[in-house]
Amino acid sequence: MYFTYEQPKIDLSDEKERKRIVDEAYANGVEAAKSGKVADYIPELAKANPDDFGICIKTRAGETIAIGETQKRFSIQSISKVINLAASLKYLGFRETFSHVMLEPSGDAFNSILKLDTVSDLPFNPMINAGAIQVMSMLTNVLSFDELLSFAKAFCMDDGIYLNEEVYNSESLTGDRNRAIVYLLKSKGVLQGEPEKTLDMYFKMCSLNVNAESLANLGLILTNRGQNPLTGKHLIHPGYIRTIRSLMFTCGMYDESGEYGVLVGIPSKSGVGGGIVASAAEMGVGTFGPALNKKGNSIGGIAALEHLSHLMRLNMFS
Ligand code: GLN
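Because the structure is predicted, anything quoted here is derived from the model rather than measured.

A. Summary view of the overall build of the protein chain. For the protein chain, the count of helices and strands is 13 helices and eight strands. Each of the three principal axes of the protein chain carries a C-alpha extent, and together these read 55 × 40 × 35 Å. If you take every contact in the protein chain between residues at least 6 apart in sequence, the share linking residues at least 24 apart comes to 71%. As displayed, the protein chain has an accessible area near 12,900 Å², and 52% of this comes from carbon and sulfur atoms. Looking at charge distribution, the protein chain has the averaged site of its 31 positive side-chain charges lying 4 Å from that of its 36 negative ones.

See below:
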């Protein structure tokens, strides 16, 4: 972690300078990844290579900069929570969605059950497991998995996204904590769908195989207020994008969201597969680095995004 209020004097209109900054961000990511660990609580994820690293940037102006492992596929994991929330807002609306899940950072680990049992019957936000499972319980009543998969493909501008059966089976077999969450929600009478169907769709969405480029595209669509910049098609109402990006900013990096918000300052979402999507003012960024820190966030991805944010002045509040 480093921080300085010195504003670097860099000519960002110079393509070479932009490329140099991304090169440095990549190098920082590779270096930082050495001190991380791949997730192993889902056995299939333990097979990832901790040295993999890639970064992809896509700007509204149409520029793409990609370095390292940006085409290698990995499971989207918790980044699917952004897509599930977008679908819920689109098909059920703001009022219905947030009648069943709150909008508050939890300050707890992504898979925590603590506050759900002791503080509130409703999950704190859609970016943690309890909240995402609750959102999924609503979605099971209006969408099939195939429809959600199509929505994910459109949001990531990537027709190549597919269900990783190995990860899905591995999660289904070992996801007892998520099973506990769904039944706790049911026992409180707040769950909106059938528990096993809810879990199944939740696991499937976590097991979609994406790459750093698809995440950069997702970031770009969020940056572009929900409009595909190539086709001009609006995927959801721009007002919903504001809600999604706000929740990404306050809750997208779990119990590291506060520190990340200060040091990077870009609405972002991470997944234990090693991905991070970031939606800055003029660009989407996707990083892939399966070596994680203790909070379950990609350690290389955070290092790279910190560098990028500082040198490209991407912090929302700068
Ligand atoms: N599928 C994972 C889980 O539910 C997602 C967690 C994550 O990416 N942080 O545990």
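B. Just the site of the ligand, in detail. Neighbouring the ligand are the residues Tyr41, Gln77, Ser78, Phe110, Asn129, Glu171, Asn178, Tyr202, Cys206, Tyr254, Gly271 and Val272. Tyrosine 41 places a polar side-chain atom, nitrogen or oxygen, 2.6 Å from an oxygen atom of the ligand. Between the ligand and asparagine 178, the relevant distance is 2.8 Å, taken from an oxygen atom to a side-chain nitrogen or oxygen of the residue. Protein chains bury 99% of the 300 Å² of accessible surface belonging to the ligand in isolation. Judged by the fraction of its atoms near the pocket grid, the ligand is located in the second largest cavity. Its residues assigned to classes, the shell around the ligand comprises six nonpolar, five polar and one charged.

C. Structural detail: helix 8 (residues 176–187). For helix 8, spanning twelve residues, the distance from its first C-alpha to its last is 16 Å, which sits close to the expected 16 Å at 1.5 Å a residue. Those residues of helix 8 lying buried are Asn178, Ile181, Val182, Leu184 and Leu185. For helix 8, the angular spread of the buried residues around the axis is 160 degrees, confining them to a single face. Looking at the packing, one finds that the buried side of helix 8 touches helix 4 (114–118), helix 5 (129–139) and helix 9 (195–206). Once helix 8 ends, the next one or two residues include glycine 189, with phi positive near 75 degrees.

D. A look at the nonpolar core. Judged by nonpolar contacts, the single largest core of 61 residues is most densely connected at Phe155, Leu218 and Ile244. If you list the elements that add at least two residues to this core, you get helix 2 (80–92), helix 5, helix 6 (145–155), helix 8, helix 9, strand 5 (208–210), helix 10 (212–223) and helix 11 (238–251). Per element, the largest residue contribution to this core is seven residues, and it comes from helix 5. Sequence-distant contacts of leucine 218, that is, excluding residues within four places in its chain, are made with Ile79, Ile83, Phe155, Cys156 and Val277. Counting 25 residues, the second largest nonpolar core, distinct from the first, contains Ala25, Ile67, Tyr260 and Leu314.

E. Up close: the pattern of salt bridges. Across all of its chains, the model carries 15 salt bridges by this definition. One salt bridge connects glutamate 31 with lysine 34, and the closest N-O pair in it is separated by 3.0 Å. Taken together, the shared-partner salt bridges connect Glu17, Arg20 and Glu24 into one network.

F. Up close: empty space enclosed by the protein. Applying the stated criterion to the full structure yields two cavities of 30 Å³ or more. Within this model, the largest cavity holds a volume of roughly 90 Å³. What lines the largest cavity is simply Ser106, Asp108, Ala109, Ser112, Ile113, Leu114, Lys115, Leu116, Pro123, Phe124, Ile128 and Ala130. In terms of residue count, helix 4 provides more of the lining of the largest cavity than any other element does, three residues in total. Taken as a whole, the second largest cavity holds about 70 Å³ of empty space. Every residue lining the second largest cavity is counted, 13 residues in all, and those nearest its centre are Tyr41, Gln77, Ser78, Asn129 and Tyr202.

G. Examining the pairing of strand 2 (residues 64–68) more closely. By the bridge criterion, five bridges tie strand 1 (residues 54–59) to strand 2 in an arrangement that is antiparallel. If you follow glycine 54 over to strand 2, its bridge partner there is glycine 68. Hairpin remark: strand 1 followed by strand 2, antiparallel, with four residues in the connecting loop; positive phi at glycine 62, about 100 degrees.

H. Focus on the sheet that holds strand 6 (residues 268–270). Read from one edge to the other, the open sheet built from five strands follows the order 2-1-8-7-6, with strand pairing classed as antiparallel. Each edge of the open sheet is held by one strand with a lone partner, namely strand 2 and strand 6. Looking at each pair of strands side by side, their axes are set apart by 10 degrees on average, direction ignored. Two strands pair when backbone bridges link them, and strand 7 (residues 275–279) and strand 8 (residues 283–288) are joined in this way by five bridges, in the antiparallel orientation.

I. Just the packing of helix 7 (residues 165–174) against helix 9, in detail. Two elements in contact, helix 7 and helix 9, have axes whose closest approach is 9 Å; the angle formed by their N-to-C orientations is 140 degrees. With respect to helix 9, the element helix 7 is oriented oblique. When the axes of helix 7 and helix 9 are compared, the crossing they make is right-handed. Between helix 7, through Tyr168, Glu171 and Ser172, and helix 9, the contact on the second element is made entirely by Asp200, Phe203, Lys204 and Cys206. Partitioned by chemical class, the residues of the contact of helix 7 with helix 9 number three nonpolar, one polar and three charged.

Rules used in this analysis
- Residue numbers here run from 1 along each chain, matching the order of that chain's written sequence.
- Local features in a predicted model are, by the rule used here, given only for residues with pLDDT of at least 70; side-chain atom pairs are given and counted only at 80 or more, and totals for whole chains, interfaces and linings are based on all residues.
- For the side-chain quantities, the full set of heavy atoms in the structure was used; hydrogens and water were omitted.
- A run of H or I in DSSP becomes a helix once it reaches four residues, and a run of E becomes a strand once it reaches two; helices and strands are each numbered from the N terminus.
- By the convention used here, residues are in contact when the closest approach between their heavy atoms is within 4.5 Å.
- The method behind every accessible area is Shrake-Rupley, applied with a 1.4 Å probe, and residues are considered shielded solely by the protein chains displayed.
- None of His or the chain ends enter the tally, which takes Lys and Arg as positive and Asp and Glu as negative.
- The atom standing in for a charge is NZ when the residue is Lys, CZ when it is Arg, CG when it is Asp and CD when it is Glu.
- Summary of the distance rule: residues count as near a molecule or strand when at least one heavy atom falls within 4 Å of that molecule or strand.
- The definition of a polar contact used here is a pair of N or O atoms within 3.5 Å, where within protein one atom must be able to donate a hydrogen and the other to accept one, and adjacent residues in sequence count solely through side-chain atom pairs.
- Cavities and pockets were defined on a 1 Å grid built over protein atoms only: a cavity is a set of grid points that admits a 1.4 Å probe from which the probe cannot escape, a pocket is an open set flanked by protein on both sides within 12 Å along at least five of seven lines, and lining residues are those with an atom within 4 Å of any such point.
- If over half the atoms of a molecule are within 2 Å of the grid points of a cavity or pocket, the molecule is regarded as sitting in it.
- The nonpolar class holds Ala, Val, Leu, Ile, Met, Phe, Trp, Tyr, Cys and Pro. Asp, Glu, Lys and Arg form the charged class, and all remaining residues, Gly among them, are polar.
- Between the first and last residue of a helix there are one fewer steps than residues, each counted as 1.5 Å, and that sum is the expected span.
- Whether a residue is buried, partly exposed or exposed follows from its accessible area with a 1.4 Å probe, protein chains only, as a fraction of its type maximum: under 20%, in between, or over 50%, in that order.
- When we speak of the arc, we mean the arc of directions from the helix axis to the C-beta atoms.
- Among buried residues, the Ala, Val, Leu, Ile, Met, Phe, Trp, Tyr and Cys ones that are joined through side-chain atoms within 4.5 Å form a nonpolar core.
- We count a salt bridge whenever a side-chain nitrogen from Lys or Arg sits within 4 Å of a carboxyl oxygen from Asp or Glu.
- Grid points are joined across faces, edges and corners, and a volume is the space filled by probe spheres set on the points.
- Strand pairing requires that DSSP identify at least two bridges connecting the strands.
- Inter-axis angles, ranging from 0 to 180 degrees, are taken between N-to-C directions of lines fitted to C-alpha atoms, where helices are fitted over the stretch in contact.
- Orientation is classified from the angle alone, with under 35 degrees giving roughly parallel, over 145 giving roughly antiparallel, 65 to 115 giving roughly perpendicular, and any other angle giving oblique.
- For a crossing to be left-handed, the near helix must be turned anticlockwise from the far one by less than a right angle; the clockwise case is right-handed.

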